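# Examining the three-dimensional arrangement
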Amino acid sequence: MSESTTPILSVRGVRRSFQAGERKLEVLHGVNLDLAAHGRLCLMGSSGAGKTTLLNIIGLLDRPDEGEVMLQGQDAWSLPNSSRAGLRNRILGFVFQFYHLLPELDALENTTLPARLAGARGTRLREYRSKAKSSLEAFGLGQRLHHRPGKLSGGEQQRVAIARALLMEPQLLIADEPTGNLDRATGDRVLDLLFEEQQRRGFALLLVTHDQRLAKRCERIVHMEDGQIQADSTTPIPH
Amino acid sequence: MYQTFLSFRYLRARPISWIGVAGIFVAVSALILILSIMSGFLAETRNHLRGSLSDLLIQPHLDRVLMHEGQSVLPKRDSAGILEAVLEDPLVAGASAHYTWYGMLAAAGRERMLSDVNHGDLALVKLVGIDASEEYSVSNLEEDLKRVSLISDERVADPSDPFGPIPGYEPDGRPLDPILVGEQLARFWGLRRGRTLELVTAVLDPKTGNAQEAVSRSFVVAGTFRSKNNDFDMSTLYLPRSVMAEWFGAGREFTDVAVKLKDYKGTKAAAQASLAVRLHELGYLHDPEVTGGMEIRPWEDFQRSMLAAIENEKGLLGIMLSLVLLVAAFSVFAILSMLVQEKRRDIGILCALGASQWGVMGTFLMIGLWEALLGTLLGLGAGIWATLNINAIEQALSNTFGFQIFNREAYAFDHIPTVIEGGGIAAIVLGAFTASLLAAALPAWRAARLNPVEGLRHE
Ligand SMILES: Nc1ncnc2c1ncn2[C@@H]1O[C@H](COP(=O)(O)OP(=O)(O)OP(=O)(O)O)[C@@H](O)[C@H]1O
Ligand SMILES: [Mg+2]
């Protein structure tokens, strides 16, 4: 876990602006950011600083006006669309503030969805299903496998979302305020789970939060203000 | 494929999607039913229009000189020779020589005719001289003679010999020649079997073509016939060809030959062509290159405008009904557009989890595909079922609502005629299917173009 290994993620000079009526609103002005494999980075900043915008660009969902996003050493935004879809499926994992499960699918189907999107069928799909099932069971959702999201609490939904994000063994997990919609106790349990999984599986974690307590559990805290990285502090992880 | 999986889930979760299926279903089944009924009416009406017309009619220009064996001569005029030549053709099933002429029918004596032209008992009629057994081989005359009469039974005594002895007819002197009268004409004129009628006509000079003089002659009614064509029954009289030839003479034994083919639809043109060539070689017809084969014509030529009108109606109705299809396709479009709008968040999620744009498009297109498939198949089944059972359905509806939906008097049929037309039905099914798929393609394409970030922004 040394810092000298090639970073899993390397953001170089990313700019992004939006057209707001007549005016052009520049949200990101040349962001640079590195994240080592297995690293845990916490991105903080006031509302409107551009954190979600940056995450969408890193997550290959929104194209930057300028700059590069290197994933595993390759410039992801220069790849064709279909390759980027493949990277989102295999290298990246997403956890959102609003869980974002498909309401028509039950917990197990939601968790297995990335495997289906990867084209898994037959035995391979069954393998993924049993994998999804055991991780849902490990997350305390053994009794909830066939419940639709509407029948689950926020904490339960977020745990399903984490199981889903981890199904394809991603290298980088992107979590945008994963506890933003949960009460403190539930949020803590969800985070414990997330961090435990990171310890066990060793993916890199890029976390956005407003919560100072949470930030303290990250080895690196990056502050963002007005579309730029302000401060980057590395602290030992307290356990 | 996840597209299949997801499309099923969306269909299951959104009962409103079934409206699209229902729209296609109704459009397809209605189109099939209406096409089948229209085709049935067309076929039935063709039968009516056809009446006793045979497949082909050979009408030589008997007074125009032709080249035969290097000499300019008039066409040959013997019936035996032309019949033999026609029957030799392997495509021909039967042939009957006619001696056709026109005349006026006067039932109640000539004085009345003169005194009151407008209200006199006078009708222009077509006189067809036939040989009964020949005619039976080319037309429905035998059936028409046997068909149940609408007036008190005036059928011929012996259909196998319609010009034979007439029961109850006891002539004073020399017996009159027998004549067969169309049922409508007989009803209108009160012509009973054994009654006499008088025909007035003119004989032409065979050389100059000028009318020589008016002649009249009395006949005895041997019986009536009832074809399915009222106009035909109102204007046609059959009498022995020998009588006609002797009466009008002019050195010819026939004026036209009716031909029945073994396979009319398949060999109509071929038979027309081969007969034209053969009969020209033998000196009966003119060079088909010169006449354009107009001496031999299929029966439709004689009812062309009526047939074209019905065909045209069918086409117009098809166009109007295609609007139903348009509505169905639009409902697919509208419902799928709604679904795409509603599922913007799902689309964002699918993108984040690794779906490509094509994958997203495929998912929504698949929903349209299932709707199209289900709608057209159900519509196909229901349309054919309704076509096959239309008379029972009509009866049930009539009983329920207490009035006759299909007015049997207004049409000349005692049932609703239908014809299952494979080609037309295939066109409807394929058309509905592609129209629905195209209607689904637009919202599906829009789904693929949606910005995933937009969909993910809010809860
Ligand atoms: N599609 C867009 N069109 C116009 N403006 C946008 C768009 N997306 C984001 N913005 C603007 O960019 C700025 C940064 O937004 P962003 O969502 O990245 O902030 P954030 O740091 O995630 O804030 P929060 O902590 O509240 O989530 C905001 O001012 C926002 O209004
Ligand atoms: Mg945000």
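Each chain has its residues counted from 1, running along the sequence as written. Labels follow written order: the first chain is A, the first ligand is 1, and so on. Given that the model is predicted, a residue must reach a pLDDT of at least 70 before its local features are reported, and side-chain atom pairs must reach 80 or more before they are shown or counted; all residues, however, enter totals for whole chains, interfaces and linings. Just so you know, side-chain values use all the structure's heavy atoms and leave hydrogens and water out.

## Here we look at unusual backbone geometry
Note: most peptide bonds trans; most residues except glycine with negative phi. All names here are of chain A. Our working definition: A run of H or I in DSSP counts as a helix once it spans at least four residues, and a run of E counts as a strand once it spans at least two, with each numbered from the N terminus.
Look at Tyr 99: it is not a glycine, yet its phi comes out positive at around 60 degrees. With respect to the element layout, Tyr 99 can be found in the loop between β6 (92-95) and α3 (107-117). The phi angle at Glu 169 is positive, at roughly 55 degrees, despite the residue not being glycine. Tracing the chain through its elements places Glu 169 in the loop between α5 (154-166) and β7 (172-176).

## Concerning the interface of chain B and chain A
Here is the rule: Pairs of residues are marked as contacts when any of their non-hydrogen atoms sit within 4.5 Å. Buried area: the accessible area, evaluated with a 1.4 Å probe, that two parts lose upon being put together, summed over both parts. The rule for a salt bridge is simple: a side-chain nitrogen of Lys or Arg has to be within 4 Å of a carboxyl oxygen of Asp or Glu. Pairing of N or O atoms within 3.5 Å defines a polar contact, subject to two protein rules: one partner must be a possible hydrogen donor and the other a possible acceptor, and residues neighboring in sequence count only if both atoms are side-chain atoms.
In this assembly, 28 residues from chain B lie in contact with 25 residues from chain A. Summed over both partners, the interface of chain B with chain A buries about 2,400 Å², with 62% contributed by carbon and sulfur atoms. Across the pair Glu 109 of chain A and Arg 9 of chain B runs a salt bridge whose closest N-O atoms are separated by 2.4 Å. Counting every contact that joins chain B to chain A gives 9 residue pairs in polar contact (both at pLDDT 80 or more).

## A word on the pairing of strand β3 (residues 40-45) of chain A
All names here are of chain A. Defined as follows: Partly exposed describes any residue whose relative accessible area lies between the buried limit of under 20% and the exposed limit of over 50%, with all areas from a 1.4 Å probe on protein chains only and scaled to the type maximum. Two strands make a pair as long as DSSP finds a minimum of two bridges between them.
Burial analysis of β3 places 6 of its 6 residues in the buried class, the great majority of the element. Residues Arg 40, Cys 42 and Met 44 line one face of β3 and the alternating positions Leu 41, Leu 43 and Gly 45 line the opposite face, and both faces are buried. The pairing of β3 with strand β9 (residues 220-225) spans 5 bridges and is classified as parallel. Looking at β9, one finds that Leu 43 is bridged to Val 222.

## A short note on helix α1 (residues 2-13) of chain B
The α-helix winds at 3.6 residues per turn, so residues separated by three or four positions along the chain end up facing the same way. Heads up, the condition is: The length a helix should cover is 1.5 Å for every residue beyond the first.
Relative to the 16 Å expected for 12 residues at 1.5 Å per residue, α1 of chain B spans 16 Å between its end C-alpha atoms, a close match to the ideal helical length. If you check which residues of α1 of chain B are buried, you get Tyr 2, Gln 3, Phe 5, Leu 6, Ser 7, Arg 9, Tyr 10 and Leu 11 of chain B. For α1 of chain B, the elements touching its buried residues are α3 of chain A together with α2 (17-50), α12 (304-342), α13 (344-353) and α14 (357-388) of chain B.

## Regarding the site of ligand 1
The test is simple: The nearness test applies per residue and asks whether one of its heavy atoms lies within 4 Å of the molecule or strand. Accessible areas in this description were obtained via Shrake-Rupley with a 1.4 Å probe; residue shielding takes into account the shown protein chains only. Note that Gly is not counted as nonpolar here; it falls among the polar residues with everything else outside the nonpolar set of Ala, Val, Leu, Ile, Met, Phe, Trp, Tyr, Cys and Pro and the charged set of Asp, Glu, Lys and Arg.
Taken together, the residues surrounding ligand 1 are Phe 18, Val 27, Ser 47, Gly 48, Ala 49, Gly 50, Lys 51, Thr 52, Thr 53, Glu 177 and His 210 of chain A together with Arg 457 of chain B. Each of chains A and B places residues next to ligand 1. Within the side chain of Thr 53 of chain A, an N or O atom sits 2.5 Å from an oxygen atom of ligand 1. His 210 of chain A places a side-chain nitrogen or oxygen 3.1 Å from an oxygen atom of ligand 1. In the complex, 68% of the free accessible area of ligand 1, which totals 630 Å², lies under the protein chains. No other element matches the 3 residues that helix α1 (residues 51-58) of chain A contributes to the shell around ligand 1. Considered class by class, the residues forming the shell around ligand 1 number 3 nonpolar, 6 polar and 3 charged.

## Regarding the sheet that holds β6 of chain A
All names here are of chain A. Stated precisely, the cut-off is as follows: Axis definition: a line fitted to C-alpha atoms, limited for helices to the stretch in contact. Angles are taken between N-to-C directions and run from 0 to 180 degrees.
Read from one edge of the open sheet, 6 strands run β6-β7-β8-β3-β9-β10, paired in mixed fashion. The open sheet terminates on both sides in strands that have one partner only, identified here as β6 and β10 (228-234). Between one strand and the next, the sheet's axes are offset by a mean angle of 20 degrees, whatever the strand orientation. Where α1 meets the sheet, it contacts β3, β6, β7, β8 (204-208) and β9, and its direction lies at approximately 155 degrees from that of β7. Strand contacts of α5: β6 and β7, with the helix running at about 175 degrees to β6, the strand carrying the most contacts.

## Examining the packing of α14 of chain B against helix α16 (residues 422-449) of chain B
Helix-helix packing: each pair is described by the crossing angle between the helix axes and the interaxial distance. All names here are of chain B. Heads up, the rule is: Convention used here: angles under 35 degrees read as roughly parallel, angles over 145 as roughly antiparallel, angles from 65 to 115 as roughly perpendicular, and any remaining angle as oblique. Rotating anticlockwise by less than a right angle from the far helix to the near helix defines a left-handed crossing, while the corresponding clockwise rotation defines a right-handed one.
Following both chains from N to C, one finds α14 and α16 inclined at 155 degrees, their axes separated by 8 Å at the closest point. Our classification of the angle between α14 and α16 gives roughly antiparallel. The two elements α14 and α16 cross, and the hand of that crossing is right-handed. Residues Gln 357, Val 360, Met 361, Phe 364, Leu 365, Gly 368, Leu 369, Ala 372, Leu 373, Thr 376, Leu 380 and Ile 384 of α14 form the contact with α16, whose participating residues are Ile 425, Val 429, Ala 432, Phe 433, Ser 436, Leu 437, Ala 440, Ala 441, Ala 444, Trp 445, Ala 447 and Ala 448. The class makeup of the residues in the contact of α14 with α16 is 20 nonpolar, 4 polar and no charged.

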